Amino acid sequence: THAEPHTSRLLHHSNIMTNALDLIDAAIADLEAKLHLSPGESLETNKSTAKQQTTKKKKKKKQPNKPSPQQQRSDNKKAPQQNTNLPDICKLEFKVGVITRVWVHPDADKLYCEEIDVGEEESPRQIASGLRPHFTEEQMLGQRLLVVSNLKAKNLVGFKSHGMVLCAAGPLENGEERVEFVEPPEGVPVGEIITFDGLPPPEPWSGAQVEKKKIFQACMPKMKTTKDCVATWDGHEFMTTLGPCKTRTIAGGVLR
């Protein structure tokens, strides 16, 4: 019939069109592959994505390591520089204290064990003193005194002593020794730090430094009471906000 040649020509053209489209799709796919595009992605979109990725890579540059909070705290714990120009007595710390408990050391004939309030938030300091030959327990209890409070803790016959009480000693006529406490004036608050008349304010060294440099031993030869029983170091009075510290009767005695 006349329709068959016409239909055949249409089918022929259709096949040509299909082949052409396939070729175009193949060319597009090949071009996308070469340009690293996703199927259907425009070139502008790819440029924008590439720019974002480049920016992210720049942001991911390794930052210098910051110290951890623990390292920062460790750095802050570095000990301050000690002031070596101070007089030795100003490297020590003397605090006003009061004995709140006392008992006989079970293993030492001359030692008392004491709890002394020196105004610290922690519990009272435990200190051992060789004062049994000189005072009864009743005389010790409630006694106001001075404590050398920045000495390194030491074991005294099994009892850990965190400081030392300051006393004066003088000879008796019979050749024996009289011992008295160095006492602050009445009304001085517990915990007050002693200063020294005519000297800069104390800057106490650590217990380890005091022991290493033998600071207390270096001070001892110049620690004496005056003819008025006032405690001094090299002539400088032990001072509180209410006046100097004194013994009751010992004049010209040594402090220890």
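Computed from a prediction, not measured in an experiment: that's the story for all the values here.

Tell me about the overall build of the chain, and name the residues and values.
Helices and strands together make up the secondary structure of the chain, namely 6 helices and 15 strands. Counting the 256 residues in the chain, one finds 33% classified as buried. Counting only contacts in the chain whose residues sit at least 6 apart along the sequence, the fraction spanning at least 24 positions is 64%. As presented, the chain carries roughly 16900 Å² of accessible surface, and 53% of it is formed by carbon and sulfur atoms.

Which residues make up unusual backbone geometry, and what values do they have?
Even without being glycine, K214 reaches a positive phi, approximately 55°. With respect to the helices, strands and loops of the structure, K214 is situated in the loop between α5 (207-212) and α6 (215-219). You will see that C229, though not glycine, has its phi angle at about 70°, which is positive. Counting through the fold element by element, C229 comes out in the loop between β11 (223-225) and β12 (231-233).

Just give me the short version of the pairing of strand β2 (residues 112-117), but keep the residues and values in it.
The buried count for β2 comes to 5 of 6 residues, which makes it a mostly enclosed element. In this sheet, β2 lies alongside strand β1 (residues 94-104) in antiparallel orientation, the contact comprising 6 bridges. Counted as the bridge partner of R101 is E115 from β2. Pairing between β2 and strand β3 (residues 125-129): 5 bridges, direction antiparallel. Its bridge partner lying in β3, E115 is registered against Q126.

Could you give an account of the confidence of the model for the chain, naming the residues involved and the relevant values?
Across the chain, pLDDT averages 83, with 68% of residues at or above 70. Low pLDDT (under 50) marks residues 67-79, which in the prediction has 2 contacts with non-local residues, meaning those over four places away or in another chain.

Any chance you could break down the nonpolar core for me, citing the residues and the numbers?
Within the largest apolar cluster, 27 residues are counted, with the highest numbers of intra-cluster contacts made by I89, F94, M223 and F238. Top contributing element to this core by residue count: α6, with 3 residues. In this structure, V102, V118, M140 and F181 belong to the second largest nonpolar core, which totals 16 residues.

Talk me through the pairing of β1; I want residue IDs and the actual numbers.
Pairing of β1 with strand β4 (residues 144-148) involves 5 bridges; the strand directions are antiparallel. Each residue of the ladder has a partner; that of F94, found in β4, is V148.

Go over the side chain of T240, please, and point to the residues and values.
Within the secondary structure layout, T240 lies in strand β13 (residues 236-240). A distance of 3.1 Å separates a polar atom in the side chain of T240 from the backbone nitrogen of L242. If near-sequence neighbours (up to four positions away) are discounted, T240 is found in contact with P184, P185, V188, E192, I194 and C245.

So what's going on with the sheet that holds β2? Which residues, and what values?
Taken in spatial order, the 5 strands line up as β3-β2-β1-β4-β7 in an open sheet, and their pairing is antiparallel. Unpaired on one side and paired on the other, β3 and β7 (164-165) mark the two borders of the sheet.

Lay out the packing of aromatic side chains with the relevant residues and their values.
How two aromatic rings sit relative to each other is set out by the distance from centre to centre and by the angle between their planes. Tallied over the entire structure, the rule returns 5 aromatic pairs. Where F94 meets F238, the ring centres are 5.2 Å apart and the plane angle is 75°; that geometry is what we call edge-to-face. Residue F94 is found in strand β1, and its partner F238 is found in strand β13; the two are separated by 144 residues along the sequence. You'll find F94 and F238 in the same group, each marked buried. Aromatic pair W103 and F159: ring centres 6.0 Å apart, planes at 80°, arrangement edge-to-face. Taken together, the residues W103 in strand β1 and F159 in strand β6 (residues 159-161) connect sequence positions 56 residues apart. Accessibility expressed as a relative area gives 11% for F159, which makes it buried. Among the aromatic residues, those joined into a cluster by ring pairs are F94, F196 and F238. Just above the ring of W103 sits the side chain of R101; from NZ or CZ to the centre is 4.0 Å.

Rules used in this analysis
Residues numbered from 1 in each chain as written. Predicted model: local features only at pLDDT ≥ 70, side-chain atom pairs only at ≥ 80, totals over all residues. Heavy atoms only, no water. Helix = DSSP H or I, 4+ residues; strand = E, 2+ residues; numbered from the N terminus. Buried < 20%, exposed > 50% of the residue type's maximum accessible area, 1.4 Å probe, protein only. Contact = heavy atoms within 4.5 Å. Areas by Shrake-Rupley, 256 points an atom, 1.4 Å probe, with all protein chains shown as cover. Pairing = 2+ DSSP bridges. pLDDT = per-residue confidence, 0-100. Core = buried A, V, L, I, M, F, W, Y, C linked by side-chain atoms within 4.5 Å. Polar contact = N/O pair within 3.5 Å; in protein donor to acceptor, adjacent residues only side chain to side chain. Phe/Tyr/Trp six-rings, centres within 6.5 Å; stacked < 30°, edge-to-face > 60°. Lys NZ or Arg CZ within 6 Å of the ring centre and 35° of its normal.

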